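The residues making up each chain are set out below.
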Amino acid sequence: MKLSPRDADAYFKRPDPSKTGALIFGSDAMRVALKRQELLKSLLGPDAEEEMRLTRIPAAELRRDPAMLLDAIKAVGFFPGPRAAFVEDANDNIAAILLDTLKDWQPGDAQIIVTGGDLKKTSKVRKAFEAHPNAFAAAIYDNPPDRAEIERALSEAGLTPEGDAMAALTDLARVIDPGDFRQTIEKLSLYKLNDTTPLTTDDIAACAPTSTEADVDDILHVVAEARARDIGLVMSKLQAQGVTAVTLTIMATRHFRTLYRITASPGAPIYGVRDRDRVARQANAWGAAKLETALSVLTDTDLTLRSAGQNAPALALVERAFIRLAMLGGQR
């Protein structure tokens, strides 16, 4: 059963322990992880791991030992309470295992909680959870937290903001990672401990990350993950920091060549990148054909930038190329 973003947020807070399980997927691994943490905490409580009611199974290990998941959901725990088996980084390489386990699930078994990257509509894993009558599938999009989500986070932290403070938090949520934003809320909660006055912009300034400068890697991930709406904001930061158009083009070409190399040699070691799992997911989402087109676009952009007769603003040309690439990457 497919959950809309609003229904998913509600379900993660009050999950049904009688259900078979849930799939949470999206291109932003941090957002997916935060939603998974919320669901597991709501479903199992805070002491599930200590009480051995939660079994964690990486997808790579499950592929080597297909019986792990079925054994985990059928195992009888020593402690009372709901149980779950959590499969991380799932893709179609383990689709058959997941589908067989979904069929074998019976009331009283542990729930099957699965997370994945940007699974396409044709993904067997995604289709299985969306079509299952007693399980859920929730896509986590890259949109920053909206006002309702921010208000809910503040309420859970026992914070009441002034009008200006709410506006400041909304702006902050657009420019930092979701994990950093959650940590900021936690810091504010500690900062205002035993202080019943409303949250102010000064409080936020004291607890917010000291820098929201963009790194070149930020724009590369934004483009590679087809987040076209975020390109303008990150480009503005990079421009303010003095990053040149030629540098961006060179770095983007290097990044997309890495993605192409991964696609051309599945399973080969990935060198020279900070987040190998994230880059591998990007390569899988693009595929060789679209990556060839992307490299052609970047080559043309580089030639245009170096052309003597080029009069258009250089960064505007690069931004246009990045938007074109993001739109290409989002095509299914």
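All of the points below concern the structure found in this document. (Residues numbered from 1 in each chain as written. Predicted model: local features only at pLDDT ≥ 70, side-chain atom pairs only at ≥ 80, totals over all residues. Heavy atoms only, no water.)

## Comments concerning the overall build of the chain
Counted only if it meets this: Only DSSP runs of H or I with at least four residues qualify as helices, and only runs of E with at least two residues qualify as strands; both kinds are numbered from the N terminus onward. Remark: exposure states derive from per-residue accessible area (1.4 Å probe, protein chains only) relative to the maximum for the residue type, with buried under 20%, exposed over 50%, and partly exposed in between. Contacts are assigned to residue pairs that have any heavy atoms within 4.5 Å of one another. Method for areas: the Shrake-Rupley scheme with a 1.4 Å probe, in which residue coverage is limited to the protein chains shown. In this tally, Lys and Arg are treated as positive and Asp and Glu as negative; His is ignored, and so are the chain termini. Lys charges are placed at NZ, Arg charges at CZ, Asp charges at CG and Glu charges at CD.
A tally of helices and strands in the chain yields 15 helices and six strands. With 332 residues in all, the chain has 44% of them scored as buried. Considering only contacts in the chain between residues 6 or more positions apart, those separated by 24 or more positions represent 76%. For the chain, the exposed area adds up to about 17500 Å²; of that, 51% sits on carbon and sulfur atoms. Across the chain, the mean location of the 42 positive side-chain charges is 6 Å away from that of the 46 negative side-chain charges.

## Overview of a nonpolar patch on the surface
Convention followed: Patches here: salt-bridge-free residues with over 30% relative accessible area, like charges joined within 9 Å, nonpolar side chains (Val, Leu, Ile, Met, Phe, Trp, Tyr) joined within 5 Å. In what follows, salt bridge is the name for a side-chain nitrogen of Lys or Arg lying within 4 Å of a carboxyl oxygen of Asp or Glu.
Where nonpolar side chains cluster on the molecular surface, the patch consists of Met52, Phe78 and Phe79 and spans about 390 Å² of accessible area. Position of phenylalanine 78 relative to the elements: it lies in the loop between helix 4 (67-74) and strand 4 (84-90). Of the residues examined, phenylalanine 78 reaches a relative accessible area of 76% and is grouped as exposed.

## Description of the packing of aromatic side chains
This is how it is decided: Only rings of Phe, Tyr and Trp enter the pairing, Trp through its six-membered ring, and a pair is recorded when the two centres are within 6.5 Å. The plane angle decides the type: under 30 degrees is stacked, over 60 is edge-to-face, the rest tilted.
A complete count under the given rule lists two aromatic pairs for this structure. Ring geometry for tyrosine 11 and phenylalanine 136: centres 4.5 Å apart, planes at 50 degrees, overall tilted. Within this pair, whereas tyrosine 11 is found in helix 1 (residues 5-13), its partner phenylalanine 136 is found in strand 6 (residues 135-139), the two being separated by 125 residues in sequence. On the accessibility criterion, tyrosine 11 (11% relative accessible area) is buried. The class for phenylalanine 136 is buried, based on a relative accessible area of 8%. Consider the rings of phenylalanine 256 and tryptophan 286, whose centres lie 5.1 Å apart with planes at 85 degrees: the pair is edge-to-face. On the criterion of sequence distance, the pair formed by phenylalanine 256 in helix 13 (residues 245-264) and tryptophan 286 in helix 14 (residues 276-306) is long-range, its members being 30 residues apart. The pair formed by phenylalanine 256 and tryptophan 286 is uniform in burial state, with each residue classed as buried.

## Some details on the environment of glutamine 239
One can find glutamine 239 in helix 12 (residues 231-240). Residues glutamine 239 and leucine 315, 76 residues apart in the sequence, show an inter-C-alpha distance of 7.8 Å.

## Points about the side chain of histidine 132
Let me state the cut-off plainly: What qualifies as a polar contact is a pair of N or O atoms within 3.5 Å, subject to a donor-acceptor requirement within protein and to the restriction that residues adjacent in sequence count only when both atoms come from side chains.
Topologically, histidine 132 is positioned in the loop between helix 6 (124-131) and strand 6. Taking the relative accessible area as the measure of exposure, histidine 132 reaches 18% and is therefore buried. Within the structure, histidine 132 has its side chain in polar contact with the backbone nitrogen of alanine 135 (distance 3.3 Å).

## Comments concerning helix 5 (residues 95-104)
Each full turn of the α-helix corresponds to 3.6 residues, which orients residues three or four apart in the same direction. Heads up, the rule is: Think of the arc as the fan of directions from the helix axis to the C-beta atoms.
All buried positions along helix 5 are accounted for by Ala95, Ile97, Leu98, Thr101 and Leu102. Along the axis of helix 5, the buried residues cluster in a sector spanning 165 degrees; they form a single face. Seen from the buried face of helix 5, the exposed residues on the opposite side, beyond 90 degrees, are Ala96 and Lys103. Those residues of helix 5 that are buried are in contact with helix 3 (59-64), helix 4, strand 4, strand 5 (111-116) and helix 6.

## A few points about the packing of helix 11 (residues 216-224) against helix 13
Heads up, the rule is: Helix axes are fitted to C-alpha atoms over the stretch in contact, other axes to C-alpha atoms as well, and angles between N-to-C directions run from 0 to 180 degrees. To sort the angles, those under 35 degrees are grouped as roughly parallel, those over 145 as roughly antiparallel, those from 65 to 115 as roughly perpendicular, and the leftovers as oblique. For a crossing to be left-handed, the near helix must be turned anticlockwise from the far one by less than a right angle; the clockwise case is right-handed. Side-chain classes are defined by residue name, with Ala, Val, Leu, Ile, Met, Phe, Trp, Tyr, Cys and Pro counting as nonpolar, Asp, Glu, Lys and Arg as charged, and the others, Gly among them, as polar.
Relative orientation of the contacting elements helix 11 and helix 13 amounts to 50 degrees, with a least axis distance of 10 Å. Between helix 11 and helix 13, the angle is such that the two are oblique. Along this stretch, helix 11 crosses helix 13, giving a crossing that reads as right-handed. Across the interface between the two elements, Val216, Ile219, Leu220, His221, Val223 and Ala224 from helix 11 touch Leu248, Met251, Ala252, His255, Phe256 and Leu259 from helix 13. Considering only residue class, the contact of helix 11 with helix 13 consists of ten nonpolar, two polar and no charged.

## Here's the deal with the pairing of strand 6
Here is the rule: DSSP bridges decide pairing: two strands pair if at least two such bridges lie between them.
The buried fraction of strand 6 amounts to five of the five residues, a majority that puts the element mostly inside the structure. Neither face of strand 6 is left uncovered, since the one carrying Ala135, Ala137 and Ala139 and the one carrying Phe136 and Ala138 both have all their residues buried. Pairing of strand 1 (residues 2-3) with strand 6, which is carried by two bridges, proceeds in the parallel orientation. Bridge pairing in strand 6 links leucine 3 to alanine 138. With five bridges connecting them, strand 2 (residues 21-25) and strand 6 associate as parallel partners. Within strand 6, the position partnered with leucine 23 by the bridge is alanine 137.

In short, the description is geometric, and any link to function would need to be established separately.
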